[in-house]
Amino acid sequence: MSSPSNNLLLIGFMGSGKSSIGRLLAKETGRFFLDTDSLIEHSLGMSIPQIFAKKGEEFFREKEVELCEWLQHSVQNAIISTGGGLPLYVQRLFRIGSVLYLECDFESILERMNRNGQSSQRPLFQNPEQAKELFQSRLETYKEQATLTVDGNGSAQSVLKRILPLL
Ligand code: S3P
C-alpha cells in the first residue's frame with residue numbers, strides 16, 4: 001500500500017489509537033511522525049481545549065483544512081495521525097497519501113478513554129452518550145475516506161501486527 005507521496009494517514013474516532021499506533025509505525029518504518037492536533041496546537045501556542053474555548057470549533061476546522069493543504073504540497077514519507085473530526089471537514093484525503101482507518105468498537109474507545117483519563121483533553125468527548133452519537137454519525141465518512149480499513153481493537157502491538165504486512 002503506497003501512494004506517490006508515500007505518506008500514510010491514520011483516521012478514526014477519538015481514542016482509536018491513531019497517535020500511539022502512528023508513533024510505533026514511524027519507528028518500524030523509519031519515517032517521520034506527524035500529528036495534526038499537535039501541529040495546530042504548536043502553531044497557535046494553545047492546547048486543543050483552549051482553541052475550542054477561545055476560538056471556537058469552526059476556527060479549529062479551518063486550521064485543519066489549511067494544514068492539510070500544507071501536508072499535501074510539502075510533506076512526503078510521513079506517518080500522519082489526524083484528529084477524529086478531520087475527515088468530516090477535509091475532503092479527498094487520498095490526495096495527501098494512503099488513508100488507513102483504524103476501525104474500533106465504541107466500547108473499546110470508551111474503555112481507553114476511561115483508563116487513560118483522556119476525555120479531559122477532548123472537548124467533543126465530555127459526555128459518553130453524545131460521543132456515541134457523534135461516533136455513529138461519522139462511521140460512513142471514515143469508510144468512504146479510507147483506502148484501507150484495519151481492525152483497531154486490542155493492544156497497540158496487536159494492531160501494529162495487523163498493519164505492518166499491508167505496508
Ligand atoms: C476531535 C478529535 C480530537 C481533536 C479535537 C476534535 C473530533 O483529536 O482533533 O478535539 O472532532 O473528533 P483525536 O481524535 O486525536 O482525539
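Scroll up a little and you will see the structure.
A closer look at the overall build of the chain
No. 1: A tally of regular secondary structure across the chain gives eight helices and five strands.
No. 2: When the helices and strands of the chain are listed from N to C terminus, the series reads β-α-β-α-α-α-β-α-β-α-α-β-α.
No. 3: A compact globule built from 167 residues would reach a C-alpha radius of gyration of about 15 Å, and the chain, at 15 Å, matches this within 12%.
No. 4: Expressed as lengths along the three principal axes of its C-alpha atoms, the size of the chain is roughly 35 × 35 × 25 Å.
No. 5: Residue pairs in contact within the chain that sit at least 24 positions apart in sequence constitute 75% of those at least 6 positions apart.
No. 6: Carbon and sulfur atoms provide 49% of the accessible area of the chain, an area that totals close to 8,600 Å².
No. 7: The centroid of the 18 positive side-chain charges in the chain is displaced by 6 Å from the centroid of its 19 negative side-chain charges.

Some remarks on the environment of L100
No. 1: Here L100 shows up in strand β4 (residues 98–103).
No. 2: For the pair L100 and Q145, spaced 45 residues apart in the sequence, the C-alpha separation amounts to 8.7 Å.

Notes on the packing of helix α6 (residues 106–116) against helix α7 (residues 128–145)
No. 1: Axis separation between α6 and α7 bottoms out at 11 Å; the angle between their running directions is 135 degrees. Classified by the interaxial angle, the pair formed by α6 and α7 is oblique. Handedness of the crossing formed by α6 with α7: right-handed. Of α7, the residues touching α6 (which contributes F106, E107, I109 and L110) are P128, A131, K132 and F135.

Let's talk about α7
No. 1: The first and last C-alpha atoms of α7 sit 25 Å apart over 18 residues, in line with the 26 Å expected at 1.5 Å per residue.
No. 2: R138 marks where α7 bends most, by close to 40 degrees.
No. 3: Looking at α7, one finds that the buried residues are A131, F135, R138, T141, Y142 and Q145.
No. 4: In this fold, the buried residues of α7 make contact with β1 (8–11), α4 (57–74), α5 (86–89), β4 and α6.
No. 5: Measuring from the backbone nitrogen of E129 back to the side-chain oxygen at the start of α7 gives 2.8 Å, which picks out N127 as the cap.

A closer look at the nonpolar core
No. 1: Formed by 32 residues in total, the largest nonpolar core has its most connected members in F13, L71, I80, L93 and F125.
No. 2: For this core, the elements supplying multiple residues, two or more each, are β1, α3 (48–54), α4, β3 (78–81), β4, α6 and α7.
No. 3: For this core, the element with the most residues is α4, which contributes four residues.
No. 4: Once residues lying within four places of it in the same chain are set aside, the contact partners of L71 are N7, L34, T36, I80 and I96.
No. 5: If you look at the next biggest cluster of nonpolar residues, it comprises 12 residues, including I21, L25, A26 and I163.

With respect to helix α1 (residues 18–29)
No. 1: Taking 1.5 Å of rise per residue, the 12 residues of α1 would be expected to cover 16 Å, and the 16 Å separating its terminal C-alpha atoms lies within 8% of that figure.
No. 2: Inspection of α1 places K18, I21, G22, L25 and A26 among the buried residues, and these make up the whole buried set. Each buried residue of α1 sits inside an arc of 140 degrees when the element is viewed along its axis, so together they form one side. Turned more than 90 degrees away from the buried face of α1, the exposed residues are K27 and E28.
No. 3: Positive backbone phi, approximately 70 degrees, marks G30, located one or two places after α1.

Cut-off values and rules
- Residues numbered from 1 in each chain as written.
- Predicted model: local features only at pLDDT ≥ 70, side-chain atom pairs only at ≥ 80, totals over all residues.
- Heavy atoms only, no water.
- Helix = DSSP H or I, 4+ residues; strand = E, 2+ residues; numbered from the N terminus.
- Rg over C-alpha atoms; globule rule 2.2 N^0.38 Å.
- Contact = heavy atoms within 4.5 Å.
- Areas by Shrake-Rupley, 256 points an atom, 1.4 Å probe, with all protein chains shown as cover.
- Lys, Arg positive; Asp, Glu negative; His and termini not counted.
- Charge placed at Lys NZ, Arg CZ, Asp CG, Glu CD.
- Axes fitted to C-alpha atoms, helices over the stretch in contact; angles between N-to-C directions.
- Parallel < 35°, antiparallel > 145°, perpendicular 65-115°, else oblique.
- Left-handed = near helix turned anticlockwise from the far one by under 90°.
- Expected span 1.5 Å × (residues − 1).
- Bend = angle between axes of the 7 residues up to and from the residue.
- Buried < 20%, exposed > 50% of the residue type's maximum accessible area, 1.4 Å probe, protein only.
- Polar contact = N/O pair within 3.5 Å; in protein donor to acceptor, adjacent residues only side chain to side chain.
- Core = buried A, V, L, I, M, F, W, Y, C linked by side-chain atoms within 4.5 Å.
- Arc of directions from axis to C-beta.

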